[in-house]
There are 2 protein chains.
Amino acid sequence: MKDLVNLGHGADIDQMIIKYNKSENILDFSSNINPYKPKNIEEYVLEGLKNSIKYPDIEYLNLRKNISSYLNLNYEYIVPGNGASEIIYMVMKVLDGRLAILNPTFSEYERAAVINNIDILDLYLGEDFKVDIESIEKNIDKFDFLFVCNPNNPSGNVQDLLKLLELLQKHEKIMIVDETFMEFVNNSDEYSLVKYVNEYSNLFIIKAVTKFFGLPGVRLGYGITSNKDIIHNMWSIKEPWTVNSFAENICKYIFKDIEYIRKTKDYFEEEINYMLKELNNIDNIKSFNTNTNFILIKLEKYDSHYIKEKLFINKGILIRDASNFKGLDEKYIRVAVKKREENERLITALREIMGV
Amino acid sequence: MKDLVNLGHGADIDQMIIKYNKSENILDFSSNINPYKPKNIEEYVLEGLKNSIKYPDIEYLNLRKNISSYLNLNYEYIVPGNGASEIIYMVMKVLDGRLAILNPTFSEYERAAVINNIDILDLYLGEDFKVDIESIEKNIDKFDFLFVCNPNNPSGNVQDLLKLLELLQKHEKIMIVDETFMEFVNNSDEYSLVKYVNEYSNLFIIKAVTKFFGLPGVRLGYGITSNKDIIHNMWSIKEPWTVNSFAENICKYIFKDIEYIRKTKDYFEEEINYMLKELNNIDNIKSFNTNTNFILIKLEKYDSHYIKEKLFINKGILIRDASNFKGLDEKYIRVAVKKREENERLITALREIMGV
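Residues numbered from 1 in each chain as written. Chains lettered and ligands numbered in written order. Predicted model: local features only at pLDDT ≥ 70, side-chain atom pairs only at ≥ 80, totals over all residues. Heavy atoms only, no water.

K.L.:
I keep staring at the overall build of chain A and nothing clicks. Help me out?
P.N.:
Secondary structure assignment for chain A yields 13 helices and 13 strands. Relative to the compact-globule value of 21 Å for 356 residues, chain A shows a C-alpha radius of gyration of 20 Å, a close match. Across its three principal axes, chain A shows a C-alpha extent of roughly 55 × 55 × 40 Å. Taken across its 356 residues, chain A has 64% of its residues classed as buried. Counted over contacts in chain A with a minimum sequence separation of 6, partners at least 24 positions apart contribute 73%. Roughly 13,800 Å² of accessible area belongs to chain A as shown, and the carbon and sulfur atoms make up 44% of that amount. Taking the average place of the 45 positive charges on the side chains of chain A and the average place of its 54 negative ones, the gap between the two points comes to 2 Å. (Helix = DSSP H or I, 4+ residues; strand = E, 2+ residues; numbered from the N terminus. Rg over C-alpha atoms; globule rule 2.2 N^0.38 Å. Buried < 20%, exposed > 50% of the residue type's maximum accessible area, 1.4 Å probe, protein only. Contact = heavy atoms within 4.5 Å. Areas by Shrake-Rupley, 256 points an atom, 1.4 Å probe, with all protein chains shown as cover. Lys, Arg positive; Asp, Glu negative; His and termini not counted. Charge placed at Lys NZ, Arg CZ, Asp CG, Glu CD.)

K.L.:
Whenever I open this one, the interface of chain B and chain A confuses me. Can you help?
P.N.:
Interfaces are frequently sized by the accessible area removed from exposure as the parts join. Across the boundary between the two partners, chain B contributes 53 residues, which contact 53 residues of chain A. Both faces combined, the contact of chain B with chain A buries some 5,100 Å², and carbon together with sulfur accounts for 65% of it. Here chain B and chain A share two salt bridges between them. A salt bridge links Lys-93 of chain A to Glu-239 of chain B, with the shortest nitrogen-to-oxygen separation between them at 3.3 Å. If you look at where chain B meets chain A, you find 22 residue pairs in polar contact (both at pLDDT 80 or more). (Buried area = accessible area lost by both parts, 1.4 Å probe. Salt bridge = Lys/Arg side-chain N within 4 Å of Asp/Glu carboxyl O. Polar contact = N/O pair within 3.5 Å; in protein donor to acceptor, adjacent residues only side chain to side chain.)

K.L.:
What is the right way to look at the environment of Ile-254 of chain B in this model?
P.N.:
Residue and element names in this part refer to chain B. Looking at the secondary structure, you find Ile-254 in the loop between helix H10 (245-250) and helix H11 (258-280). With relative accessibility at 1%, the residue Ile-254 sits in the buried group. Sequence separation between Ile-254 and Asn-40 is 214 residues, and the spatial gap between their C-alpha atoms is 9.4 Å. If we skip the residues at most four places from it in the chain, Ile-254 touches Pro-38, Ile-41, Val-209, Phe-213 and Ile-261.

K.L.:
For this particular structure, what's the right way to read the pattern of salt bridges?
P.N.:
Close approach of charged atoms lets side chains of opposite charge pair. Evaluation of the coordinates by the stated rule reveals 33 salt bridges over all chains. A salt bridge links Lys-238 of chain A to Glu-86 of chain A; its shortest N-O distance comes to 3.0 Å. Of the two residues, Lys-238 of chain A sits in the loop between helix H9 (228-237) and helix H10 (245-250) while Glu-86 of chain A sits in helix H4 (residues 83-94), which places them 152 residues apart along the sequence. The residue Glu-110 of chain B makes a salt bridge to Lys-326 of chain B at a minimum N-O spacing of 3.1 Å. Of this pair, Glu-110 of chain B sits in helix H5 (residues 108-115) while Lys-326 of chain B sits in the loop between strand S12 (320-321) and strand S13 (332-336), and the two are 216 residues apart along the sequence.

K.L.:
Sorry if this is basic, but what is going on with the relation of the copies chain B and chain A here?
P.N.:
Between the two copies of this chain, the relationship is a rotation about some axis together with a displacement along it. Rotating chain B by 180 degrees about the axis while translating it 0.0 Å along that axis superimposes it on chain A, leaving an RMSD of 0.0 Å. Those values place the two copies in the arrangement expected of a two-fold rotation axis. Taken together, the interface assignments show that 100% of the residues at the interface of chain B recur at the interface of chain A, consistent with an identical surface on both copies. (Least-squares fit on C-alpha atoms with pLDDT ≥ 70 in both.)

K.L.:
What's the story with the sheet that holds strand S6 (residues 174-178) of chain A in this structure? I'm lost.
P.N.:
Consider a sheet: its strands pair through backbone hydrogen bonds, and that pairing is either parallel or antiparallel. All names here are of chain A. Pairing within the open sheet is mixed, and its seven strands lie in the order S2-S8-S7-S6-S5-S3-S4. Of all the strands in the sheet, just strand S2 (78-81) and strand S4 (120-124) have a single pairing partner and so form its edges. Averaged over all pairs of adjacent strands, the angle between strand axes in this sheet comes to 20 degrees, irrespective of strand direction. Relative to strand S8 (residues 221-224), S2 is paired through four bridges, and the arrangement is antiparallel. Looking at the pairing, Pro-80 lines up with Tyr-222 of S8. This element, helix H3 (residues 61-71), spans S2 and S8 of the sheet and lies at about 120 degrees to S2. Relative to strand S3 (residues 99-103), helix H5 (residues 108-115) is tilted by about 160 degrees, and along the sheet it contacts S3, S4, strand S5 (145-149) and S6. (Pairing = 2+ DSSP bridges. Axes fitted to C-alpha atoms, helices over the stretch in contact; angles between N-to-C directions.)

K.L.:
Would you mind going over the packing of aromatic side chains with me for this structure?
P.N.:
Inspection of the entire model under this criterion finds 41 aromatic pairs over all chains. Ring centres of Tyr-20 of chain B and Phe-312 of chain B lie 5.6 Å apart, and the angle between their planes is 50 degrees; this geometry places the pair in the tilted category. Remark: Phe-312 of chain B occurs in helix H12 (residues 304-315) and Tyr-20 of chain B occurs in helix H1 (residues 13-20); sequence separation between them is 292 residues. Here Tyr-20 of chain B falls in the partly exposed class, since its relative accessible area comes to 21%. On the accessibility criterion, Phe-312 of chain B (0% relative accessible area) is buried. Ring centres of Tyr-36 of chain B and Tyr-267 of chain B lie 5.3 Å apart, and the angle between their planes is 80 degrees; on these two criteria the pair is classed as edge-to-face. With Tyr-36 of chain B in the loop between strand S1 (27-28) and helix H2 (41-51) and Tyr-267 of chain B in helix H11, the pair connects residues that are 231 residues apart, well separated along the chain. Classification of Tyr-36 of chain B as partly exposed rests on a relative accessible area of 35%. Take Tyr-267 of chain B: its relative accessible area is 17%, and that puts it in the buried class. Connected via pairs of aromatic rings, a cluster forms that spans Tyr-36, Tyr-70, Phe-181, Phe-184, Phe-212, Phe-213, Phe-255, Tyr-260, Tyr-267, Phe-268 and Phe-294 of chain A. Over the ring of Phe-294 of chain B we find Arg-334 of chain B; its NZ or CZ atom is 5.6 Å from the centre of that ring. (Phe/Tyr/Trp six-rings, centres within 6.5 Å; stacked < 30°, edge-to-face > 60°. Lys NZ or Arg CZ within 6 Å of the ring centre and 35° of its normal.)

K.L.:
Honestly, unusual backbone geometry in this entry has me stumped. Any pointers?
P.N.:
Omega for the bond connecting Asn-150 of chain A with Pro-151 of chain A falls within 30 degrees of zero, at -5 degrees, which places this linkage in the cis form. Considering the arrangement of structural elements, one finds Pro-151 of chain A in the loop between S5 and helix H7 (162-170). You will see that Asp-128 of chain B, though not glycine, has its phi angle at about 50 degrees, which is positive. Position of Asp-128 of chain B among the secondary structure elements: in the loop between strand S4 (120-124) and helix H6 (133-138). Under the relative-accessibility criterion, Asp-128 of chain B is labelled partly exposed at 44%. The backbone of Tyr-302 of chain B sits at a positive phi, close to 60 degrees, despite the residue not being glycine. As for its position among the elements, Tyr-302 of chain B is in the loop between strand S10 (294-299) and H12.

K.L.:
Got a minute to help me understand the pairing of strand S13 (residues 332-336) of chain A in this structure?
P.N.:
Residues and elements named next belong to chain A. Buried residues dominate S13, accounting for five of its five residues. Of the two faces of S13, the one lined by Tyr-332, Arg-334 and Ala-336 and the one lined by Ile-333 and Val-335 are each fully buried. Across five bridges, strand S10 (residues 294-299) lies against S13 in antiparallel orientation. Looking across to S13, one finds that Lys-298 is bridged to Tyr-332. Of the strand pairs in this sheet, strand S12 (residues 320-321) and S13 are connected by two bridges, and their pairing is antiparallel. Paired with Asp-321 across the two strands is Ile-333, which belongs to S13.

K.L.:
Help me understand the packing of helix H12 (residues 304-315) of chain A against helix H13 (residues 340-354) of chain A, please; the structure alone is not making it clear to me.
P.N.:
Residues and elements named next belong to chain A. Where H12 contacts H13, the two axes come as close as 11 Å, and the packing angle between them is 115 degrees. Handedness of the crossing formed by H12 with H13: right-handed. Note on element contacts: H13 touches H12 through Arg-345, Ala-349, Leu-350, Glu-352, Ile-353 and Met-354, opposite Ile-307, Lys-310, Leu-311 and Lys-315. Considered class by class, the residues forming the contact of H12 with H13 number six nonpolar, no polar and four charged. (Left-handed = near helix turned anticlockwise from the far one by under 90°. Nonpolar A, V, L, I, M, F, W, Y, C, P; charged D, E, K, R; others polar.)

Shown next as C-alpha cells:
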C-alpha cells in the first residue's frame, strides 16, 4: 500500500522545495483554497488560544449547534471532524459492505477503503465527467454504498444528484456525497443535497469548512446525515478531541460572515470566467468547464510531469499533476483559481510554455 | 460499546455544567494540565495562523526535526499525532496480536483496542500500583504487546521500567509506554525510556506535548520508536493533516523554552509536596504518593459519586470520579495539581466535607 508520503496529493509544496532546492516563494496552484480570509480572524484565533488551556468539549455541542444554525438542520445530524478527511476515514470505519467509487476522483476514498479492508468497485463518470446513471443502475447489485464528489475533484463540474439519490434509495444503497468544494459554487443551494438530509436517510454528506474560509491548516470539516445508525456508530468509534480549540472557536463567527461568503462566491464566478477565457486562448491545451475553485486541463502537447517540473523550476509555480487520478493519464493537470494577479502569472507562464 | 460521549473521562466539564445548570466559573481539577503557559505563545499562534492558509506539510518534516532536536533522536523515529490519543489509536491499528494492559490505567487503551478488534488481557499493578514483574512473566505467553502508563494515570507514581523492557525484549514482546505525564516529573531523565529507543527496537513510547505546555486544545502528541516496521506501518495507515498549523508552528519555539520547562518541574515538585502534606491532614481520606501533576485519593467515608456531586454543586469544583478505572471502585477520586490558590480552595472544600 502507498504510504501517506507517496500519495501524490497536491499540497506537496514542501517536498518539491526540498527536491529541487528552491528557496524562493512558490506560487501554489496545486491545492484548492480560498485566497481570502474572513474578517477579524486574528481576534477569533486569540480567543481560541484562551480556550485551548482546557480540552475541547468531547461532544462538541456548541460547535455542532453553530454548524446546525448555518445549515438549518438538527445538530444531532452533525459529526465534526479534523478536516473532511477525518470524516472520510470515519465513514469507511462504520459502513459495512462493498463500496463503489465514481472515478476519476479524490484518492483518499480509495485509500481509506483499503485501510479498512473494504472491497471497491471502480465505476467511471461519463462524458464530460457527468454521472452516468445507467451505468450505475446496471451495477447496482455489486455495491452497498457509493462515494461521489460534487463538485467533482479533479473535474470541477457540479451536478444535480437528486436522481442518483432516488435511485440509490430505491435499491436501499447508501450515497456518500463529498461536498468539500460546494461552498465555492455560486448557486450552491441548487446543487447541495443538504436540503434532502431530513428526507433521505440513505444520504451522508461530507463538508469541509476551513478550505472555503481560506484556513486549511486550522482543520475543520463535518459529516451530516439523518441516519441514526450511522451517527451512533460514528460516535462509537470516534477518536477523542480531534477538533482543536481554534477550529471550535472560529465557528462561533465565520458562518455568520454573510458578506464574506457572498463576496467569495461572486469572486470565484467572475474569476472562473476570466481564467477559462484566457486558458481557452492558449494553444495545445483544453480546459474543462468548472463550477468551483479549480480547473482541470488536458494537455495536447508535452505531459503532466514535464509541465509540472517546467512550471516549478522556471516559473516558481506548483500545479497538480493529475495523472494519478484513476481514469486520467499523464495528459492531465489541475490548477487552482487564486487571486487575479497570481492567475495572470500562471496564464502567462502556461502561454510561454505551450505556445500562444 | 460505550460511545465517546459516555466514556467517563475527566474533562467532562461541559456536560456537568449542562447537567447541573451551573453558569459560574468552575474550577476544573478533573483534567491534568499545566496551569501555566510558555512565553510569547500569542505571537507563535498568530504566526501559525499565517501558515494555516496552506495545508500543513503532510510529512511534518520540520515538526519532526524540532521534536528530534529536543529528544536528541533521529527524526525518522518520530510520528506526530493529534494529541497522544491519535498515537494510541494508531498503535492499535498497526500492531497485530494480543494486548496486555496494566490496570488501573487510562481507559482509551482499552477502547482503542476494542475498536480495532484486538484481544485484551487485563493484568494488574501490584501493591501501591507498582509493576509486578513476576505476574507479567507468569503471563508472558498470553500476549504479544503490553501497554503501560508511566507515570501511571490515575495513580501518579513513576517507575523504572528497564527490567520490564528487558524481560519483554527477551520474550520478543513489544512494550508500549505512555509517557504522557513524564515531563511533569522533576527527575524525568531518570525514568523516561527515551534514552533506550536506539537500543531497544521492541520499545514504543507515546508522548503528549500540549498537556505539559498548558495548551491541550492545541492538540499535539507523538510516538517514538526505532522499530522500522512499526514506523512504516504507521505512515501507511496515517490519516493526512491531523496536526494543525498552530501545533506545527509552536514546536519551533516551545521545546527551546528551557526556563519554562525547568520552572514547571520545580513548581510541581514543590506543589505536590504541599498538597500531599495538606491532604494527609484531612480525616477519612488516603492520598497516594505521586510524581506528577495529579493525585489519587481513597475515600474512607462517602463515595466518589457523592463527593464529585457535592464538590461541584456546593463548591464549583470538578474532580475526577475514578471509580470507572478497572481495578478501582467508588472509593477513589483523582484531583489535578493546579495553581496554589486553586489547590487551597480544593483542600478547604475537601476538609469541610470530609471532616478535619
